Amino acid sequence: MIQAIIKELELRKDEINETVETIYFGGGTPSLLSVNELQLLISEIYRHYNVMDNPEITLEANPDDLSNEQINKLTNTQINRLSIGIQSFFDDDLHSMNRAHSSQEAKLCLEEATKYFDNITIDLIYGIPNMSIEKWHKNLQTTFDFGVNHISSYALTDETKTALASFIKKGTYPPIDETLALQHFNHLIEETNQQGYIQYEISNFGKPNYFSKHNTSYWQASEKLSKNDHYNEYVMTSLRTLWGISIKTVEKDFGADYVAYLLKNIDKHIKSNLVCYSNKSLQLTKKGKFLADGIASSLFMI
């Protein structure tokens, strides 16, 4: 597989003319690769592409993959950012989500990783059935206590054809409670704000200078799509961010008809206090952030 990736890097080198600013190993579990294999891939990227000085290089990993020895080895590579799938600091939650690591492993992993890496993000899941606000608060407080500078947090969802959806259907797992998820989400916003994090995207909270450069490039990237698809993509990604939908950008990239369509369809959301209009941009309110996907889809050009 490594040789196939190396070959693809070589074959596609002429497709990217821009300077490479971020390198991201993930999803899946790229931490299963050896440090030598990771460094080999990084070296091949440098060989075939124009890479900026000090790019953001992220490795996704689970706590059970990041032993003290592995973390120490990673410090000898160019990887400078870790994305760790903690999900929860409670064993019952981890067991219900079929996670391989334990709460103790999660804490030991962070204790070691924070000694060597300043730029760390962790994943946390909220909306887990029967999780009290107090328990969710402890998850957040544990994160703060470790000095983690970035959090990605998502609601537990029962996507069709997943194990969780099957368990809920069989009655072996409680159904998803959206009211509880909303309470968790609001508490997440309040607590991260008090700790100095900025919610620069609905699911992402970073301290100043710790926003994910890689993810931000996705939200601000352009693709070769039809005009309607390009507009819909812009609406969906921009609405989720701190910066919102720029009316000026819509007019510049798509034209006055699209602006008129956007303003007509978003008016009801402004009146419902789900969206606010500020500095010629449309941004989700605190109330609207939990309903972001539904609001975005109502603005799509079909």
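Everything below is about the structure shown above.
Everything numeric in this text was worked out from a predicted model, so none of it was measured.

(A) A look at the overall build of the protein chain. Within the protein chain, the regular secondary structure consists of 14 helices and 10 strands. Judged by the C-alpha coordinates and their principal axes, the protein chain covers about 55 × 50 × 40 Å. Taking all 302 residues of the protein chain together, 46% fall into the buried category. Restricting the contact set of the protein chain to residue pairs at least 6 apart, pairs at least 24 apart contribute 67%. When the accessible surface of the protein chain is split by element, carbon and sulfur atoms take 49% of a total near 16,200 Å². Mean positive and mean negative side-chain charge positions of the protein chain (28 and 39 charges, respectively) differ by 5 Å.

(B) Region of the structure containing the sheet that holds strand β10 (residues 281–284). Strands sit in the order β8-β10-β9 across an open sheet of three strands; the sheet is antiparallel. The strands lining the two open edges of the sheet, one partner per strand, are β8 (245–246) and β9 (275–278). Relative to β10, β9 runs antiparallel, the two sharing four bridges. In the strand pairing of β10, S278 is matched with S281.

(C) Looking closely at unusual backbone geometry. With an omega of 0°, the peptide bond running from G26 to G27 counts as cis. With respect to the helices and strands, the residue G27 is situated in the loop between β1 (20–25) and α2 (35–48). Notably, Q87 is not glycine yet its phi reads approximately 70°, a positive angle. Residue position: Q87 is located in strand β3 (residues 81–87). The phi dihedral of N130 is positive, around 70°, even though this residue is not glycine. Looking at where N130 falls in the secondary structure, it is placed in the loop between β4 (120–126) and α6 (133–145).

(D) Main features of the packing of aromatic side chains. This model, assessed by the stated rule, comprises nine aromatic pairs. Between F185 and F290 the ring centres are 5.6 Å apart and the planes differ by 45°, which places this aromatic pair in the tilted class. Here F185 is found in helix α8 (residues 178–194), whereas its partner F290 is found in the loop between α13 (286–289) and α14 (292–298), with 105 residues between them in sequence. Its relative accessible area of 2% is what places F185 among the buried residues. One aromatic cluster is present, built from ring pairs that chain together Y126, W136, F185 and F290. We note K135 situated over the ring of F90; from NZ or CZ to the ring centre the distance is 5.1 Å.

(E) Structural detail: the packing of α6 against α8. It is the contact of α6 with α8, at a shortest axis distance of 10 Å, that shows an interaxial angle of 35°. Between α6 and α8 lies a crossing whose hand is right-handed. Along the contact surface, α6 presents I133, W136, H137, L140 and F144, while α8 presents Q183, H184, H187, L188, E191 and T192. Here the residues of the contact of α6 with α8 sort into five nonpolar, five polar and one charged.

(F) The arrangement of the environment of P63 in detail. Summarising the element assignment, P63 is placed in the loop between β2 (51–61) and α3 (68–74). Residue classification places P63 among the buried positions, given a relative accessible area of 3%. Note: C-alpha distance between P63 and E251 (188 residues apart in sequence) is 46 Å.

(G) Quick look at helix α5 (residues 103–116). The end-to-end C-alpha separation of α5 is 21 Å, in line with the 20 Å expected for 14 residues at 1.5 Å each. Of all the residues in α5, the buried ones are S103, A106, C109, L110, E112 and A113.

(H) Representation of a negative patch on the surface in the model. A surface patch of negative charge is lined by D158, E159, D177 and E178. Relative to the helices and strands, D158 resides in the loop between β5 (150–155) and α7 (163–170).

(I) Local environment of the nonpolar core. Formed by 75 residues in total, the largest nonpolar core has its most connected members in L74, I79, L82, I84, I122, I245 and V250. Look past the residues within four positions of L74 in its chain and what remains in contact with it is V35, L38, L59, L66, I79, L82 and F117.

(J) Quick look at the sheet that holds β5. Taken in spatial order, the seven strands of this open sheet run β1-β2-β3-β4-β5-β7-β6, and their pairing is mixed. Each edge of the open sheet carries a strand with a single partner, namely β1 and β6 (198–201). Across this sheet, the average inter-strand angle for adjacent strands is 25°, counted without regard to direction. Relative to β5, β4 runs parallel, the two being bridged by six bridges. If you follow I125 over to β5, its bridge partner there is Y154. Docked against the sheet, α5 engages β3 and β4, running at close to 165° with respect to β3. The strands that α8 touches are β4, β5, β6 and β7 (204–206); relative to β4, the one it contacts most, it runs at about 150°.

Rules used throughout
- Residues numbered from 1 in each chain as written.
- Predicted model: local features only at pLDDT ≥ 70, side-chain atom pairs only at ≥ 80, totals over all residues.
- Heavy atoms only, no water.
- Helix = DSSP H or I, 4+ residues; strand = E, 2+ residues; numbered from the N terminus.
- Buried < 20%, exposed > 50% of the residue type's maximum accessible area, 1.4 Å probe, protein only.
- Contact = heavy atoms within 4.5 Å.
- Areas by Shrake-Rupley, 256 points an atom, 1.4 Å probe, with all protein chains shown as cover.
- Lys, Arg positive; Asp, Glu negative; His and termini not counted.
- Charge placed at Lys NZ, Arg CZ, Asp CG, Glu CD.
- Pairing = 2+ DSSP bridges.
- Phe/Tyr/Trp six-rings, centres within 6.5 Å; stacked < 30°, edge-to-face > 60°.
- Lys NZ or Arg CZ within 6 Å of the ring centre and 35° of its normal.
- Axes fitted to C-alpha atoms, helices over the stretch in contact; angles between N-to-C directions.
- Left-handed = near helix turned anticlockwise from the far one by under 90°.
- Nonpolar A, V, L, I, M, F, W, Y, C, P; charged D, E, K, R; others polar.
- Expected span 1.5 Å × (residues − 1).
- Patch = residues over 30% accessible without salt bridge, like charges linked within 9 Å, V, L, I, M, F, W, Y side chains within 5 Å.
- Salt bridge = Lys/Arg side-chain N within 4 Å of Asp/Glu carboxyl O.
- Core = buried A, V, L, I, M, F, W, Y, C linked by side-chain atoms within 4.5 Å.

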